[in-house]
Amino acid sequence: MAAVSLLPLLAACGTGTGTGSESPASDGGKTTAGSSGQLDIPADANADLKKQYLLENAIAACMKKQGFTYTPVPPEDPAASWATDGADYALTKKYRRKYGFGVYAGIVYPGDAGPAARQDSNKTPNADYVATLTPEQKAAYDKALGAFPDPKAGEKNWTGCQGEADKKVYGSASAQERGTETENRNQANAQALNGDPKLVALAQSYASCLRKEGIPVTTTQPTGIGEMVKLQALGSAPAGAGVVAGVDEDGNSQETLGKEEALPLLTKDIELAMRDLECGKEFRAAYFPKFLKAPTSGGGAG
């Protein structure tokens, strides 16, 4: 369950390592890099989102100088990513009526852009490009692209082109320093949300409704209750329920469920997701406007 963050460090983390590097490709309708190899920045992008675009473009330019192809990956607007996770009631209702919480929908609807897009969100168009490289070329590519700083090695900044781009876009503050700032801001935002009297009252009403529906309530904190039922559904799903096969305790791959096995489970998942949605309707309507203005990676209301 990826929590929202509009902060630069997490944006930088999304640029990927050697396993997430890519070649020019369509990304399902999002903005793509033009002939110049650079992304066009949306006119309505806020300051944080604009920096994420600039970061990707800077990485691409740096990699080109190193003799490699890197297709800048269009960053996702965090606010938009929450639209079908509760921020927009109508869209969330439409999504859940078909996919539920998305636990089994990838099996019932293989190739569907709904849950598949969510579960494969870490894939980027550069994967195909990296696949064409020899082991030696890939090692050079990974070194050129760089990686997240290793605190054990005393590193504070990204290395390679990611480090160069990070410094160009975000200035002299190290990734480690910004990470600490991000963590402190997330905690402050979470405390504010969990201490909001209106949200606390609505969360209690939400919890009461869930209990009447026979759904266990493990938290009534505003930052946790919105995703609580979904996380319970994911946690209780049998091995192989997702698109990616499960792994047993010995590390052996397990086959995913078949479509016929997943269909009745999807039906139950949809019913549960819809009951959760209706119980939390008033809570989410009040929570998300505040959450999106001051997000926290510590929890959300999906």
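Report follows, based on the coordinates.

Reading guide: rules and limits
Residues numbered from 1 in each chain as written. Predicted model: local features only at pLDDT ≥ 70, side-chain atom pairs only at ≥ 80, totals over all residues. Heavy atoms only, no water. Helix = DSSP H or I, 4+ residues; strand = E, 2+ residues; numbered from the N terminus. Contact = heavy atoms within 4.5 Å. Polar contact = N/O pair within 3.5 Å; in protein donor to acceptor, adjacent residues only side chain to side chain. Salt bridge = Lys/Arg side-chain N within 4 Å of Asp/Glu carboxyl O. Buried < 20%, exposed > 50% of the residue type's maximum accessible area, 1.4 Å probe, protein only. Disulfide = S-S within 2.5 Å.

1. Details of the environment of Lys 93
Move 1: Along the chain, Lys 93 falls in helix H4 (residues 89-99).
Move 2: Spatially, the C-alpha atom of Lys 93 lies 7.2 Å from that of Met 274, the residues being 181 residues apart in sequence.
Move 3: Discounting chain neighbours no more than four positions away, the residues touching Lys 93 are Met 274, Leu 277 and Glu 278.

2. Quick look at the side chain of Asp 85
Move 1: By the secondary structure assignment, Asp 85 is in the loop between helix H3 (78-81) and H4.
Move 2: One polar contact links Asp 85 to Lys 230, side chain to side chain, over a distance of 3.0 Å.

3. Observations regarding the pattern of salt bridges
Move 1: In the structure shown here, the tally under the stated rule is nine salt bridges.
Move 2: A salt bridge links Arg 96 to Asp 276, with the shortest nitrogen-to-oxygen separation between them at 3.0 Å. With a gap of 180 residues between them, Arg 96 in helix H4 and Asp 276 in helix H13 (residues 259-279) connect regions that are remote in the sequence. A single burial state applies to Arg 96 and to Asp 276, both of which are buried.
Move 3: Across the pair Arg 178 and Asp 166 runs a salt bridge, and its minimum N-O distance is 2.7 Å. Of the two residues, Arg 178 sits in helix H10 (residues 175-194) while Asp 166 sits in helix H9 (residues 160-170), which places them twelve residues apart along the sequence. In this pair, the class of Arg 178 matches that of Asp 166, namely buried.
Move 4: Taken together, the shared-partner salt bridges in this structure form one network comprising Asp 85, Glu 227 and Lys 230.

4. Points about the state of the cysteines
Move 1: Inspection of the entire model under this criterion finds two disulfides.
Move 2: Note that Cys 62 is cross-linked by a disulfide to Cys 161, the S-S spacing being 2.1 Å. Residues Cys 62 and Cys 161 are joined by a disulfide whose S-S torsion is about -75°; by sign, that bridge is left-handed. Highlighted residues: Cys 62 in helix H2 (residues 47-65) and Cys 161 in helix H9, separated in sequence by 99 residues.
Move 3: Residue classification places Cys 161 among the buried positions, given a relative accessible area of 1%.
Move 4: Between the sulfur atoms of Cys 209 and its disulfide partner Cys 279 the distance amounts to 2.1 Å. Measuring handedness by torsion sign, the sulfur bridge of Cys 209 and Cys 279 sits at about -65° and is left-handed.

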